[in-house]
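Structural overview
The residues making up each chain are set out below.
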Amino acid sequence: MKTNIVVLLISCFLFWPNSGWGGEGEGQATPDLSAIQVLDLPTAQQLALAGNPSMEAAMARVEQARARVQQAAAAWWPSLDMTGSGGRTRQSDTAWQMTRALASLGGKDVDQTTEEYAASLQASWLLFDGFYRKFNEEQAGYGEKSAAAAREDAQRLLVAAVAEAFLNAQLAQTNVSIAGADQDFYNQQLQDAQNRYDAGAGLWGDVLNIRVQLNSAKTNVLLSGREFEAAGYGLAALLGLADAAFPRHLSLKPLEQDVDVCTTAVPDQLIEEALAQRPDVRQLNLTIKQAEAGIGMAEARFYPQLQLVGAVNDARQGDFRLTGDDVGDTIALNLSWNLFAGGVDKARRFEAEQARREASAVLVDLRNQVAAEVRQDFTLLE
């Protein structure tokens, strides 16, 4: 039994293919459990990948990362903004009297209540920002790939967990059958011993001894049934079944009697394959690239920013009917360059460099863990 677990966990946990379970879609058709009488391991893994909520959450994280890529790409385009306002102002009597007095000097008169309307259409285009947008888009792209790798890793871990839970449930189901067979055996032995005793050819002590064995077998039947029920709850949770309720009509495929565990591979070859295929290793490599892009974003603060701005402005008093005489326009080329900010830019770059250093150290640690897992499992397999 332990050999079976090692073989399946090595295949599921270490060498998870890129184009494996689930695909790249929004999900897949869930098999109808009511039509399944005997559940095997591949079907259980497909059910888990289709129904486990963690897979939906992983896909949502991929979509979020994809949206961040689109947000980063949008920064290359011009921005167009429209504003409008309208208001009514009534001066106090004192202020109006003073305003009238000043206006009368020029032979004019003013109303105590005035209305003002304005509208503006402004376009702005960032021409240069120290390559911040370039590195920001790169970081977002690596983030999307990293989220996709994390989803594949979640699939790998889920499939491995389902395999272990399924094998444990299979073992519990087998123990139920064994305990039932033991009970039947001791029932027959008790009947034989009782017959021999009744015929005067047997001892009463034999009858009592077999009764003890029978009671023990009955206890094992109850315990094995509860262990199988508990294992079913864990498996049902991984499958994504509501309330972790394992269907009562469903049984598991019996354990295989003969399993070929021969392998010609050597640990170094398996380690090389694992490092090339494991999505968590690929995810950390992408995290390092994200950190490198973060350094470029931090260094962009040392450069000036150049922005082109154009605006059309309308303003009128008295009513909202704007005419061509009320229209003005503005065009400007703005340059801004922060020369000193208390060292915040250097600290930001140092932080980004340390993020890359951290990711690199975590990758080294993960590679060591992968090598240890392969060597440990290979030793158990032998």
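Quantities reported herein were computed from a predicted structural model and do not represent experimental measurements.

The next thing to look at is the sheet that holds strand β6 (residues 327-336). Read across the open sheet, the 4 strands follow the order β2-β3-β5-β6; overall the sheet is antiparallel. This sheet does not close on itself; its edge strands, each paired only once, are β2 (79-90) and β6. Averaged over all pairs of adjacent strands, the angle between their axes in this sheet comes to 20°, without regard to strand direction. Across 12 bridges, strand β3 (residues 113-128) lies against strand β5 (residues 305-317) in antiparallel orientation.

Summed over the entire model, instances satisfying the criterion amount to 5 aromatic pairs. On the numbers, 5.5 Å between centres and 85° between planes, the contact of F128 with F131 is edge-to-face. Here a set of aromatic residues connected by ring pairs shows up, and it is made of F128, F131 and Y303. The ring of W76 is capped by R133, whose NZ or CZ atom sits 4.5 Å from the centre of that ring.

Turning our attention to the environment of L250. Mapped onto the elements of the fold, L250 is located in the loop between α6 (204-239) and β4 (251-252). In this view, L250 contacts L33, I36, Q37, V38 and L39; residues no more than four positions away in its chain are not counted.

With that settled, consider the pattern of salt bridges. Any two side chains of opposite charge can pair, so long as their charged atoms come close to each other. All chains considered together, the criterion is met by 14 salt bridges. For the salt bridge of D268 with R375, the shortest nitrogen-to-oxygen distance reads 3.0 Å. Here R375 lies in helix α9 (residues 344-381) and D268 lies in helix α7 (residues 267-277), a separation of 107 residues in the sequence. Under the relative-accessibility criterion, D268 is labelled exposed at 52%. A cluster of three or more residues bridged by salt bridges with shared partners is formed by D153, R156, R278, D280 and E373.

Looking now at the confidence of the model for the chain. Averaged over all residues, the pLDDT of the chain is 86; the fraction at 70 or higher stands at 89%. Confidence, expressed as mean pLDDT per element, reaches its minimum in the chain at helix α1 (residues 2-14) with 43 and its maximum at helix α8 (residues 279-299) with 96.

Counting residues in each nonpolar core, the largest one holds 25 residues, and the members touching the most others are L39, V162, L235 and L239. In terms of nonpolar packing, the next biggest core, distinct from the first, is built from 15 residues, V281, A359, L363 and L366 among them.

This brings us to a nonpolar patch on the surface. Taken together, the side chains of L80, M82, L121, V312 and V327 make up a nonpolar region of the molecular surface, amounting to roughly 500 Å² of accessible area. The class of V327 is partly exposed, set by a relative accessible area of 42%.

Now for unusual backbone geometry. Of note, the phi angle at D243 is positive, near 60°, even though the residue is not glycine. Position of D243 relative to the elements: it lies in the loop between α6 and β4. The phi dihedral of A244 is positive, around 50°, even though this residue is not glycine. Summarising the element assignment, A244 is placed in the loop between α6 and β4.

On to the side chain of R156, then. Its location among the elements puts R156 in helix α5 (residues 132-198). By relative accessible area, which is 1% here, R156 ends up buried. Of note is the side chain of R156, whose polar atom sits 3.5 Å from the side chain of D280.

Moving on, we come to the environment of Q112. Residue position: Q112 is located in the loop between α4 (93-104) and β3. A relative accessible area of 16% places Q112 in the buried class. As a C-alpha pair, Q112 and A95 span 17 residues in sequence and 8.9 Å in three-dimensional space. A distance of 2.9 Å separates a polar atom in the side chain of Q112 from the backbone oxygen of Q91. Of the polar contacts made by the side chain of Q112, one reaches the side chain of D93; its length is 2.7 Å.

What counts and how
Residues numbered from 1 in each chain as written. Predicted model: local features only at pLDDT ≥ 70, side-chain atom pairs only at ≥ 80, totals over all residues. Heavy atoms only, no water. Pairing = 2+ DSSP bridges. Helix = DSSP H or I, 4+ residues; strand = E, 2+ residues; numbered from the N terminus. Axes fitted to C-alpha atoms, helices over the stretch in contact; angles between N-to-C directions. Phe/Tyr/Trp six-rings, centres within 6.5 Å; stacked < 30°, edge-to-face > 60°. Lys NZ or Arg CZ within 6 Å of the ring centre and 35° of its normal. Contact = heavy atoms within 4.5 Å. Salt bridge = Lys/Arg side-chain N within 4 Å of Asp/Glu carboxyl O. Buried < 20%, exposed > 50% of the residue type's maximum accessible area, 1.4 Å probe, protein only. pLDDT = per-residue confidence, 0-100. Core = buried A, V, L, I, M, F, W, Y, C linked by side-chain atoms within 4.5 Å. Patch = residues over 30% accessible without salt bridge, like charges linked within 9 Å, V, L, I, M, F, W, Y side chains within 5 Å. Areas by Shrake-Rupley, 256 points an atom, 1.4 Å probe, with all protein chains shown as cover. Polar contact = N/O pair within 3.5 Å; in protein donor to acceptor, adjacent residues only side chain to side chain.

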